[in-house]
Amino acid sequence: MSLSVAPRPLNSLLNQKPLVLPMPVGEIHVWQGQVADVASFCEELWRVLDRAEKQKVSHLQNETDRIRSIVSHGMLRTIIGWYLGVDPASVKFAYGAMGKPSLVPSHGLEFNLSHSDDLLLFTFTVGHPIGIDVERVTNLHEVHDLARSIFSLHEQDLLVSLPDQEKRKTFFRLWTLREACGKMLGHGLTEELRNVDIYTVLNEHDQWTFESFAPLPGYEAAVVVEDKVRRWVRFHGFPRLAS
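Read on for an overview of the structure. (Residues numbered from 1 in each chain as written. Predicted model: local features only at pLDDT ≥ 70, side-chain atom pairs only at ≥ 80, totals over all residues. Heavy atoms only, no water.)

## Comments concerning the pattern of salt bridges
Evaluated as defined, the whole model comprises nine salt bridges. What emerges from the salt-bridge pattern is a single network uniting Asp50, Glu53 and Arg77. (Salt bridge = Lys/Arg side-chain N within 4 Å of Asp/Glu carboxyl O.)

So, in structure tokens, the structure goes:
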């Protein structure tokens, strides 16, 4: 399904006090940014994290991983705060069996996040589970081995028929759709999504919407939501944080 894209000027959003972003029913919002965009605000973002999130950061050995964790969780809280008009530090989460976060109370706002290298993606909608995944298109030598363990025979044959560059893009397109679907369902990449044609699975559900896109050159991403979507709004980059 092709979804309309309605870019919005991010800086103008910060002029509203208190800031409450509109989230109409039937819309998907995708926020796209890079860790480097807001890394200088790590101290501010650290302050909005809860104890469990801070403990997770402290257990990471690599400084790059620590910064990415602070930025991704801090920006998630910040954006949720913009939607709900609340202090990001007051946002509370519950976690499903496979670790998928949800709001407590839910406020009807559903969300998911994903990252690859420095690139961060967050997606939001109202009232329906949603999943997102992003991967950098790399030169995987084990593409066919992974495809045999995860993809359907039809998808494997498709990959074999493609030139190398298109093969990699197609592999990650199929992979991110699976990951996004599993994250939407809350149970990850389980057996029911292995060795089946992912497009067949998605098209069997009339009320689901899915979309693949390239957020940056060299990346593949996918969103899957249990809802019929009227509009897809993409926010490119993060606005400057208020201090």
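From this point, the narrative continues.
## Digging into the environment of Leu159
For Leu159, the location among the structural elements is in helix α7 (residues 153-161). Each C-alpha atom of the pair Leu159 and Val143 lies 8.9 Å from the other, and the pair is 16 residues apart in sequence. (Helix = DSSP H or I, 4+ residues; strand = E, 2+ residues; numbered from the N terminus.)

## What about the packing of helix α6 (residues 143-150) against α7?
Relative to each other, α6 and α7 sit at 165°, their axes nearing to 9 Å. It follows from the interaxial angle that α6 and α7 lie roughly antiparallel. Between α6 and α7 the crossing geometry is right-handed. On the side of α6, the interface is formed by Val143, His144, Ala147 and Arg148, while α7 contributes Gln156, Leu159 and Val160. The class makeup of the residues in the contact of α6 with α7 is four nonpolar, two polar and one charged. (Axes fitted to C-alpha atoms, helices over the stretch in contact; angles between N-to-C directions. Parallel < 35°, antiparallel > 145°, perpendicular 65-115°, else oblique. Left-handed = near helix turned anticlockwise from the far one by under 90°. Contact = heavy atoms within 4.5 Å. Nonpolar A, V, L, I, M, F, W, Y, C, P; charged D, E, K, R; others polar.)

## A few points about the nonpolar core
Among the nonpolar cores identified, the biggest contains 31 residues, and Trp31, Met75, Ile79, Ile80, Tyr83, Phe122 and Phe124 are the most heavily contacted of them. At the level of secondary structure, the elements contributing two or more residues to this core comprise α2 (35-38), α3 (42-48), α5 (63-84), β4 (109-116), β5 (119-126) and β9 (231-236). Of all the elements, α5 adds the most residues to this core, at eight residues. Excluding its chain neighbours within four sequence positions, the residues that come into contact with Phe122 are His29, Val30, Trp31, Ser72, Met75, Leu76, Ile79, Asn112, Leu113 and Phe238. Of all hydrophobic cores here, the second largest spans 22 residues; its members include Val137, Leu177, Ala180 and Phe210. (Core = buried A, V, L, I, M, F, W, Y, C linked by side-chain atoms within 4.5 Å. Buried < 20%, exposed > 50% of the residue type's maximum accessible area, 1.4 Å probe, protein only.)

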